[in-house]
Amino acid sequence: MPDLLIELFSEEIPARMQKRAGEDLQKLVTNGLVEAGLTYGSAAVFTTPRRLTLALGDMLAASPRQVEERKGPKADAPEKAIEGFLRGAGLTRDQLEERETPKGKVLFAKIEKPGRPAAEIVAEVLEQTIRNFPWPKSMRWGSGSLKWVRPLHSILCVISDEAGAEVVPLTIDGITAGNTTRGHRFLAPAEIEVAGFEDYQDKLSRAFVVLNPAARANTIWHDATNMAFAAGLEVVEDAGLLAEVAGLVEYPVVLMGRIGEDFLGLPPEVLQTSMKEHQKFFSVRNPKSGQIERFITVANRTTADGGATILAGNEKVLGARLSDAKFFWDNDLRTVTAGGGMETWVKALENVTFHNKLGTQAELIDRMATLSRELAPLVGADADEAEKAARVAKADLSSEMVYEFPELQGLMGSYYARKAGMSDAVADAAKDHYAPLGPSDDVPTAPISIAVALAEKIDKLTGFWAIDEKPTGSKDPFALRRAALGVIRILVENDVSLSLNDVLGQSAEIVGDRDAGRADTADILGFIHDRLKVYLRDQGIRHDVIDACIAMDGSDDLTLLVKRARALSDTLKTDDGENLIQGFKRANNILSQAEEADGVEYSFGADPKFAETEAEKDLFAALDKAEAKITPAMAAQDFSTAMAAMAELRGPIDAFFEAVQVNAENPTVRRNRLNLLSRIRTICSAVADLTKLDG
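If you're wondering where the values come from, they're calculated on a predicted model, not measured in any experiment. (Residues numbered from 1 in each chain as written. Predicted model: local features only at pLDDT ≥ 70, side-chain atom pairs only at ≥ 80, totals over all residues. Heavy atoms only, no water.)

Visitor: I tried to follow helix α21 (residues 575-598) on my own but got confused; where do I start?
Guide: The α-helix advances 3.6 residues per turn, and as a result positions three or four apart in sequence lie on the same side. With 24 residues, α21 should cover 34 Å at 1.5 Å per step; its first-to-last C-alpha distance of 35 Å lies within 8% of that length. Buried within α21 are the following residues: Gly577, Leu580, Ile581, Gly583, Phe584, Lys585, Ala587, Asn588, Leu591, Ala594 and Glu595. Considering only its buried residues, α21 is in contact with α20 (558-572), α23 (639-647), α24 (650-659) and α25 (667-685). In the segment just after α21, Gly599 is the residue with positive phi, at about 70°. (Helix = DSSP H or I, 4+ residues; strand = E, 2+ residues; numbered from the N terminus. Expected span 1.5 Å × (residues − 1). Buried < 20%, exposed > 50% of the residue type's maximum accessible area, 1.4 Å probe, protein only. Contact = heavy atoms within 4.5 Å.)

Following this line, the structure appears as structure tokens:
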């Protein structure tokens, strides 16, 4: 079976677009071929800065012959109806078949579609793919109408088998498909003729082109880490930068350069950010001091001087970039060490709008400071320190460094707070108050950082709820889902127990004092509960288990709610726990039906003296024993003990239902047994609302 090789060769494709472009090429071509009846055995896609390559193995040489059957009108239908059917089918009247059906004789047509050669199908599919390729941005060049991300130079399209290679006949806007490509732009620019994928890959390798982006990334990382290790240093890991740089070169050559002595005193994060954003350099640090001392750059070619000229140029450009960063750093330090300290920056935020309905950044800081003071005793923090931390946490938004590198906000605030003579706890709160930004980020753990980080997120939720800017569908422009998840993770992962209802109410009052409106705190808590369901489902806890726990009193204490849900989830994974739910539901159903039929509530009065069977007596004893364990366990918030005691009821409840008829003829016995079922419901429901469990 033949193989197919496609290469679309162009000017440099932006690195950020390459991976998606390769995926789109594979999807569009393979889907088009399969729809036309041309199947294949394997597919692989490769990208470099100048080419998109798709290789298909074991493709059919031609599409199979197809026979399609169409049902037409009745045999005695009007002639015009039959003529229309014949035109659509491309047949004559004598080629139709009459068949008896329940509705009489009906005409049927068999339409045969002969197979088509692979080259013909590939040409059609590839032209459609190229003309309709979904680039995020595209351009036209010259006088043609074709659009591509950068000018498209050539199309390689070859079908090969044991007999040889065939060029697919295709011309698009004056570009005719062929069997040639080009190697490295500088090291091997001549045309290369290829006869199939293996030949293509081998010749490109000799022409200084590493086709596989993963191989380029591995080469870069291997060479960079070895080079740094030889100097007693280490490369700062950055998977995103590695993928981007691998998309910038076809033949990676790793070089290590030096950072000027004047810049080594800059914070390592400033050096790393400046080099990454402006130069796409990897940072190399001293593992003993943590200081960034050198950089790794990746050239796209070898040179006679071993890269010395390239390094000299890069070091010169880097020096200019870092001079700017040092200028910002020095200016900022002069500001924070002057008389006004960071208060100068906070004052400047009075002219910076946070949201037109929620006021300025300075007003946001006032709200955060007030709420941080309220939260401090709940999380074990000093109230004065928490308020001070909240007042300077966002001050660095006025700094020159954060203006240049917005991604350093918070982090730079921690440096400036220390330079201004503030405590480490206050400085750490400035760095941590945005955290966690993502699901894998660490959460703040210091009490003051917890208080300020919670205040920042809770103010955001109550503020935007107050002005009715809640998330809708997939739209969440103010990252309120992230804020809710941040509240959940900070509380749960730090084992902080507090009433969110109370805290949300306090925050709503603070926001309301700024004339923004009053937030619906119950709705916010429901929103947080929805995010909690996602958080716990990712940890393997069923949605119905979470609902059973949310339905209980105190569900605004997320830490206790999660402990209850985890304990219930663990209990339900045991045989006793799972079977107990069936017994509980049976008891609850019988009891509910009896209460509805009798018009009374059976909620007290179960007495062992009316028990007629050993199973009844055993259940009375088991319920007494379980209640004696569950009540103090729940008071102590020991959910695991309470759940285990509840699970022990499985055997006595099962035995009771096997031996006893609840609706006995004796009304006294019946009432006593229904009240006994009520005890089962009451004791089990103290742990969780088991009626919400599935099954």
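Visitor: Can you walk me through the packing of helix α15 (residues 447-466) against helix α17 (residues 500-512) in this structure?
Guide: Each packed pair of helices is defined by two parameters, the angle between the axes and the distance between the axes. Close contact between α15 and α17 brings their axes to 9 Å; oriented N to C, the two are set at 60°. Put simply, α15 runs oblique to α17. Considering the relative orientation of α15 and α17, their crossing is right-handed. Judged by residue contacts, Ile458, Asp459, Thr462, Gly463 and Ala466 of α15 engage Leu500, Val503, Leu504, Ser507, Ala508 and Val511 from α17. For the contact of α15 with α17, the per-class residue count stands at seven nonpolar, three polar and one charged. (Axes fitted to C-alpha atoms, helices over the stretch in contact; angles between N-to-C directions. Parallel < 35°, antiparallel > 145°, perpendicular 65-115°, else oblique. Left-handed = near helix turned anticlockwise from the far one by under 90°. Nonpolar A, V, L, I, M, F, W, Y, C, P; charged D, E, K, R; others polar.)

Visitor: Looking at this model, I keep getting lost on the sheet that holds strand β8 (residues 164-167). Mind explaining?
Guide: The strands making up a sheet are joined through hydrogen bonds of the backbone, oriented either antiparallel or parallel. Spatial ordering of the open sheet is given by β2-β3-β1-β7-β8, a layout of five strands whose pairing is antiparallel. Single-partner strands in this sheet number two, and they are β2 (42-48) and β8. Shown here is a sheet whose adjacent strand axes are inclined to one another by a mean of 15°, direction ignored. (Pairing = 2+ DSSP bridges.)

Visitor: In this structure, what is going on with the sheet that holds strand β6 (residues 104-113)? I would like to understand it.
Guide: With antiparallel pairing, three strands are arranged side by side in an open sheet as β4-β6-β5. Strands with a single pairing partner mark the edges of an open sheet, and in this sheet they are β4 (66-74) and β5 (97-101). On average, adjacent strands in this sheet sit at an angle of 35° to one another, irrespective of strand direction. Examined bridge by bridge, β5 and β6 share five bridges and lie antiparallel to one another. Along β6, the bridge assignment pairs Glu98 with Leu107. Packed on one face of the sheet, helix α2 (residues 79-89) meets β4 and β6 and runs near 170° to β4.

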